[in-house]
Amino acid sequence: MSSVPRVAHLALDRLISSQNVGTYGRLQGAGLSFWTAELPWRGNQRNVSCIPAGTYRCKLHKSPKHGWSLWILEVQNRSEILVHKANRPRELLGCVAIGYGLGYIGGELAVTSSGRAMAALVGALRPYDEIYLAVSLPPWFP
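Owing to the predicted nature of the structure, the values given are computational and were not obtained by experimental measurement. (Residues numbered from 1 in each chain as written. Predicted model: local features only at pLDDT ≥ 70, side-chain atom pairs only at ≥ 80, totals over all residues. Heavy atoms only, no water.)

### Details of the overall build of the chain
Along its length, the chain carries 1 helix and 10 strands. Helices and strands in the chain line up, N terminus first, as β-β-β-β-β-β-β-β-β-α-β. The C-alpha radius of gyration of the chain comes to 14 Å, within 12% of the 14 Å expected for a compact globule of 142 residues. Overall, the chain is about 55 × 30 × 30 Å in size when its C-alpha atoms are taken along their principal axes. Considering the chain as a whole, with its 142 residues, one finds that 44% of them fall into the buried category. Accessible surface for the chain amounts to roughly 7,300 Å². Of this, 52% is attributable to carbon and sulfur atoms. Seen as two clouds, the 15 positive and the 8 negative side-chain charges of the chain have centres 6 Å apart. (Helix = DSSP H or I, 4+ residues; strand = E, 2+ residues; numbered from the N terminus. Rg over C-alpha atoms; globule rule 2.2 N^0.38 Å. Buried < 20%, exposed > 50% of the residue type's maximum accessible area, 1.4 Å probe, protein only. Areas by Shrake-Rupley, 256 points an atom, 1.4 Å probe, with all protein chains shown as cover. Lys, Arg positive; Asp, Glu negative; His and termini not counted. Charge placed at Lys NZ, Arg CZ, Asp CG, Glu CD.)

### Focus: the sheet that holds strand E1 (residues 7–18)
Taken together, the 8 strands give a closed barrel; going around it, the order is E1-E2-E3-E7-E6-E5-E4-E10, and neighbouring strands pair in mixed fashion. Across the sheet, the mean angle separating the axes of adjacent strands is 30° when strand polarity is ignored. Taken together, the 3 bridges between strand E5 (residues 67–72) and strand E6 (residues 81–84) define a ladder with antiparallel strand orientation. Residue pairing for E6: Ile 72 is matched across the bridge by Ile 81. (Pairing = 2+ DSSP bridges. Axes fitted to C-alpha atoms, helices over the stretch in contact; angles between N-to-C directions.)

### Some points on the pattern of salt bridges
Following the criterion strictly, the structure yields 5 salt bridges and no others. The shortest N-O distance in the salt bridge between Glu 74 and Arg 57 comes to 3.1 Å. Of this pair, Glu 74 sits in the loop between E5 and E6 while Arg 57 sits in strand E4 (residues 54–63), placing them 17 residues apart in sequence. The exposure class of Glu 74 is exposed, given its relative accessible area of 64%. Taking the shortest distance from any N to any O, the salt bridge between Glu 91 and Arg 88 comes out at 3.0 Å. Relative accessible area serves as the criterion here: at 32%, Glu 91 is assigned to the partly exposed category. (Salt bridge = Lys/Arg side-chain N within 4 Å of Asp/Glu carboxyl O.)

### Describing the environment of Lys 59
Examined against the element boundaries, Lys 59 turns out to sit in strand E4. Contact partners of Lys 59, with chain neighbours within four places excluded, come to Ser 69, Leu 70, Trp 71, Leu 73 and Ile 131. (Contact = heavy atoms within 4.5 Å.)

### Focus: the nonpolar core
Judged by nonpolar contacts, the single largest core of 23 residues is most densely connected at Leu 27, Ile 72, Val 83, Ile 98, Leu 121 and Leu 133. Residue assignment for this core shows that the elements contributing at least two residues are E1, E4, E5, E6, strand E7 (96–99), helix H1 (114–125) and strand E10 (130–136). Among the elements that make up this core, the one with the highest residue count is H1 (5 residues). Setting aside its immediate chain neighbours within four residues, Leu 121 contacts Leu 27, Leu 32, Phe 34, Val 83 and Ile 98. Judged by nonpolar contacts, the second largest core, of 10 residues, contains Ala 37, Leu 39, Ala 86 and Leu 92. (Core = buried A, V, L, I, M, F, W, Y, C linked by side-chain atoms within 4.5 Å.)

Quick look at the structure:
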């Protein structure tokens, strides 16, 4: 008798975007809610753009650079896209930073308490066999 896999569904809703500042939104699922920071949309170019809208399969991953993270798989024309601890878009190379708050660090809009947020997300996702992330865009998104 086979068991039914436990599936987690996460949603990243982008709310604010500026070519000069970055892209900010909310990540929700697995009973948790976080703020997100990403690079601006720049045509899905490697290392300088946030990822396109879509639904992606993910898996927990221990990155040598970022520690425990969530690996977003099968992003068109991209590789090694992670949700990991960071605060500002300029600290990212196409990945997603999460935090419990949204505020300013060094005069820059940033997510805050990123390390605690990442630990909570990883802990909440450990029991799941499959993880999916739906990334959506508001109608005004460039």
